[in-house]
Amino acid sequence: MANVTFSSPLMPRDLTVYAVAGERGTLLALAKANNIPIPFDCGDGECGSCLVEVRHYQPGVRYGIALTEKEKEMLRQLGKITREEIMDAEVNDMPPRHRLACQCFVRNEDIEVRFEGDVTKP
Ligand code: FES
């Protein structure tokens, strides 16, 4: 069981969703299923519109992930990943602070997901 709390200026209040571990859904799919307005366009890591910031409530239980080249490149283009985070992802499989919701799978960990809106549009 994972508690995923969505937070955004686009929402009247934060919303916590209980996701069942093992469903292997993405954050974007979870948001869509719960009418949470994370912007999205391509759904495939190509446009960057689903950018979110992920905070772990228990940093000690962060799961390792294999950040794909596509997501890494998009985060780089958006200026949302640091050189240190790239290194940490490549060497230690640790996720960066910002993710693409369409590429980020829900794991058995409690997280806060913050989003502002579509950063690719003015
Ligand atoms: Fe386009 Fe996620 S919806 S990158």
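Conventions we followed
- Residues numbered from 1 in each chain as written.
- Predicted model: local features only at pLDDT ≥ 70, side-chain atom pairs only at ≥ 80, totals over all residues.
- Heavy atoms only, no water.
- Core = buried A, V, L, I, M, F, W, Y, C linked by side-chain atoms within 4.5 Å.
- Buried < 20%, exposed > 50% of the residue type's maximum accessible area, 1.4 Å probe, protein only.
- Helix = DSSP H or I, 4+ residues; strand = E, 2+ residues; numbered from the N terminus.
- Contact = heavy atoms within 4.5 Å.
- Pairing = 2+ DSSP bridges.
- Axes fitted to C-alpha atoms, helices over the stretch in contact; angles between N-to-C directions.
- Arc of directions from axis to C-beta.

Caption draft 1: Spatial organisation of the nonpolar core. Ranked by internal contacts, the top residues of the largest apolar core, which has 31 residues, are V4, F6, L27, I36, I38 and V52. Those elements giving two or more residues to this core turn out to be β1 (2-7), β2 (15-19), α1 (27-33), β3 (51-56), α2 (69-77), α3 (83-92) and β5 (111-114). Looking at this core, the element that brings in the most residues is α1, giving four residues. Aside from chain neighbours lying at most four places away, what touches I38 is F6, L28, A31, C50, V52, A101 and F115.

Caption draft 2: Examining the sheet that holds β1 more closely. Taken together, the five strands give an open sheet; going across it, the order is β2-β1-β5-β3-β4, and neighbouring strands pair in mixed fashion. Across the chains shown, the open sheet's two edge strands, defined by having one partner strand only, are β2 and β4 (98-100). Averaged over all neighbouring strand pairs, the angle between strand axes comes to 30°, with direction disregarded. Relative to β5, β1 runs parallel, the two being bridged by four bridges. The residue bridging T5 from the neighbouring strand is E112, located in β5. Across the sheet, α2 is in contact with β3 and β4; its angle to β4 comes to roughly 125°.

Caption draft 3: Structural detail: α2. If you check which residues of α2 are buried, you get E71, K72, M74 and L75. Projected onto a plane normal to the axis of α2, the buried residues spread over an arc of 165° and lie on a single side. Away from the buried face of α2 by more than 90 degrees, exposed residues E69 and Q77 are located. Residues of α2 that are buried in the fold lie against β3, α3 and β4. Two residues or fewer past α2, G79 is found with a positive phi of approximately 70°.

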